[in-house]
Amino acid sequence: QVQLVESGGDVVQAGGSLKLSCVASGNIHTIESMGWYRQAPGKEREQVAVTSRGGTTNYADSVKGRCTISGDNAKKTVYLQMNALKREDTAVYYCHIDYTQLTGWPDGSMRKYDAWGRGTQVVVSS
């Protein structure tokens, strides 16, 4: 129904850069937020960066100053530019969206959903 596809993960030397992308498709009326999360082996999944309706953005302290999230709600696309990568950035990066679908009722009511991508691997080597 709704699918998120991430790309851009790679093996990169410490200090290098990567740009991740995520494209959402399917029956989506409105995207409320789009974001990036990551999970390293043995670690909890953590929020990296999120952009929401109204243009608000939030970054994890660990990536502030090194990462920039950008997106196009109309195109259902979100990017994460990552610079000055560190070994600690090694993880599977997941795209996530909060979105709505129309119910079909004449009052225009909608239902809220969320979706996850399948992940893209980022490996930062020394």
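Up top you'll find the structure we're talking about.
Below: a short report on this structure. (Residues numbered from 1 in each chain as written. Predicted model: local features only at pLDDT ≥ 70, side-chain atom pairs only at ≥ 80, totals over all residues. Heavy atoms only, no water.)

Overview of the overall build of the protein chain
Counting its secondary structure elements, the protein chain contains zero helices and 11 strands. In sequence order, the secondary structure elements of the protein chain are arranged as β-β-β-β-β-β-β-β-β-β-β. Once the C-alpha set of the protein chain is aligned to its principal axes, its extents read approximately 60 × 25 × 25 Å. Considering the protein chain as a whole, with its 126 residues, one finds that 39% of them fall into the buried category. Contacts in the protein chain between residues at least 24 apart in sequence constitute 57% of all its contacts with a sequence separation of at least 6. Accessible area for the protein chain stands at about 7100 Å²; split by element, carbon and sulfur atoms hold 46% of it. Treating the 14 positive side-chain charges of the protein chain as one cloud and the 12 negative ones as another, the clouds have centres 2 Å apart. (Helix = DSSP H or I, 4+ residues; strand = E, 2+ residues; numbered from the N terminus. Buried < 20%, exposed > 50% of the residue type's maximum accessible area, 1.4 Å probe, protein only. Contact = heavy atoms within 4.5 Å. Areas by Shrake-Rupley, 256 points an atom, 1.4 Å probe, with all protein chains shown as cover. Lys, Arg positive; Asp, Glu negative; His and termini not counted. Charge placed at Lys NZ, Arg CZ, Asp CG, Glu CD.)

Observations concerning the pairing of strand S7 (residues 67–72)
Here six bridges tie S7 to strand S8 (residues 77–82), and the two strands are oriented antiparallel to one another. Residue Cys 67 lies in a different strand from S8, and its bridge partner there is Met 82. With antiparallel pairing between neighbouring strands as the criterion, S7 and S8 make up a hairpin whose turn holds four residues, including Lys 76 at a positive phi of roughly 55 degrees. (Pairing = 2+ DSSP bridges.)

Notes on the packing of aromatic side chains
A ring pair, where both rings are aromatic, is described by two values, the distance of the centres and the angle of the planes. All chains considered together, the criterion is met by two aromatic pairs. Arg 45 extends its terminal NZ or CZ atom over the ring of Tyr 94, reaching a point 3.9 Å from the ring centre. In this structure, Arg 45 is placed above the aromatic ring of Trp 116, and the distance from its NZ or CZ to the ring centre is 4.6 Å. (Phe/Tyr/Trp six-rings, centres within 6.5 Å; stacked < 30°, edge-to-face > 60°. Lys NZ or Arg CZ within 6 Å of the ring centre and 35° of its normal.)

Looking at the state of the cysteines
What the rule picks out here adds up to one disulfide. In this model Cys 22 forms its disulfide with Cys 95; the gap between the sulfur atoms is 2.1 Å. The sign of the -85 degrees torsion about the S-S bond sets the Cys 22-Cys 95 disulfide as left-handed. Residue Cys 22 is located in strand S3 (residues 18–26), and its partner Cys 95 is located in strand S9 (residues 91–102); the two are separated by 73 residues in the primary sequence. Looking at Cys 22, the relative accessible area reads 0%, which means it is buried. Just so you know, Cys 67 is unpaired, no disulfide at all, and the nearest cysteine sulfur is the one on Cys 95, 15 Å from it. (Disulfide = S-S within 2.5 Å.)

Focus: the nonpolar core
Of all hydrophobic cores here, the largest spans 29 residues; its most connected members are Leu 4, Trp 36, Leu 80, Tyr 93 and Ile 97. Looking at this core, the elements with two or more residues in it are strand S1 (2–7), S3, strand S4 (30–39), strand S5 (46–52), S7, S8, S9 and strand S11 (120–125). Broken down by element, the residue count for this core peaks at five residues, all from S9. Excluding residues that lie within four positions of it along the chain, Tyr 93 makes contacts with Glu 6, Leu 20, Trp 36, Tyr 37, Arg 38, Val 48, Leu 80, Met 82, Gly 119, Thr 120 and Val 122. (Core = buried A, V, L, I, M, F, W, Y, C linked by side-chain atoms within 4.5 Å.)

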